[in-house]
Amino acid sequence: MSRPVAIVTAASSGIGAGIARTLASSHDLVLFARSEAVVELANELGAVAVRGSLTDAADREHLVATTIERFGRIDAVAVNSGHPPKGDLLELTDEDWSTGFELLFTSVVDLARLVTPHMQAAGRGAWAVVTSYASLLPEPAMPVSSVVRAAVQSWVKLYATRVAADGIRANCVLPGFVQTHPVDRERLATIPQRRYAQPNEIGTVVRFLLSDEASFVTGQNHVVDGGMIPLP
């Protein structure tokens, strides 16, 4: 039996590359990003690279069409994205909010519209949408991310309910701080494990959620933050 096929977005570096490397042992991959680095990573992992932007509808359509043309199926999608604009809550412009909404929210909705019919035809599929701990604990330093990612999680919950009977599952992964940037010592002190996550640790959670081992897990938010946010 052929291996399942997964799309990973924003896969050229950071969390996206960590997810790609983690999935490479279990899935045939189509990696999507703007950077030329996504081609290098695809060559390393034996994957297919598609260059484009999550904020471009034509690029999103090209990604899905390329995957179907190459493999004839889409079993899983790991939606990762870059960072939206930052700034003071009352100083962010309408354009800043629109940019963040297109990057974080519209991209997920549009990919789901494009991919869902293929999953429905197959009678199965799985999504892992990477958001952020800040959707649960809003950060003044990143208002757009905090607000829009919370909206994404609400949409994914609705989507998971809508397509559950079709054999499709969808979950969100909420990373805390990840070792892709210099460590902030004040931030570090707020993490019970006293360290940042490695990108592959986010990837491991994504791989589980996309696998049949998580066959009864859907419509949930999975926090991966080293214990930073306590349970309610």
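Residues numbered from 1 in each chain as written. Predicted model: local features only at pLDDT ≥ 70, side-chain atom pairs only at ≥ 80, totals over all residues. Heavy atoms only, no water.

## A look at the pattern of salt bridges
Pairing is possible between side chains of opposite charge, provided their charged atoms come close. Per the stated rule, a full pass over the model turns up 10 salt bridges. A salt bridge links Arg-51 to Glu-36, with the nearest nitrogen and oxygen atoms 2.7 Å apart. You can see Arg-51 sitting in strand S3 (residues 48-51) and its partner Glu-36 sitting in the loop between strand S2 (28-33) and helix H2 (37-45), a full 15 residues away along the chain. Note that Arg-187 and Glu-139 form a salt bridge whose closest N and O atoms lie 2.8 Å from each other. In this pair, Arg-187 is assigned in helix H6 (residues 185-188) and Glu-139 in the loop between strand S5 (125-130) and helix H5 (143-163), connecting sequence segments 48 residues apart. For Arg-187, a relative accessible area of 25% puts it in the partly exposed group. (Salt bridge = Lys/Arg side-chain N within 4 Å of Asp/Glu carboxyl O. Helix = DSSP H or I, 4+ residues; strand = E, 2+ residues; numbered from the N terminus. Buried < 20%, exposed > 50% of the residue type's maximum accessible area, 1.4 Å probe, protein only.)

## Some words on the pairing of S5
In terms of burial, S5 is largely enclosed, as 6 of its 6 residues are buried. A two-sided burial pattern is seen for S5, the buried positions comprising Gly-125, Trp-127 and Val-129 on one face and Ala-126, Ala-128 and Val-130 on the other. Judged from the 4 bridges that link them, strand S4 (residues 76-79) and S5 form a sheet pairing that is parallel. Pairing of Val-77 across the sheet is with Trp-127, part of S5. Crossover S4 to S5 through helix H4 (residues 94-122) is right-handed. Bridging between S5 and strand S6 (residues 168-175) involves 6 bridges; their strand directions are parallel. Paired with Gly-125 across the bridge in S6 is Ile-168. (Pairing = 2+ DSSP bridges. Right-handed = clockwise from strand over helix to strand, strands pointing away.)

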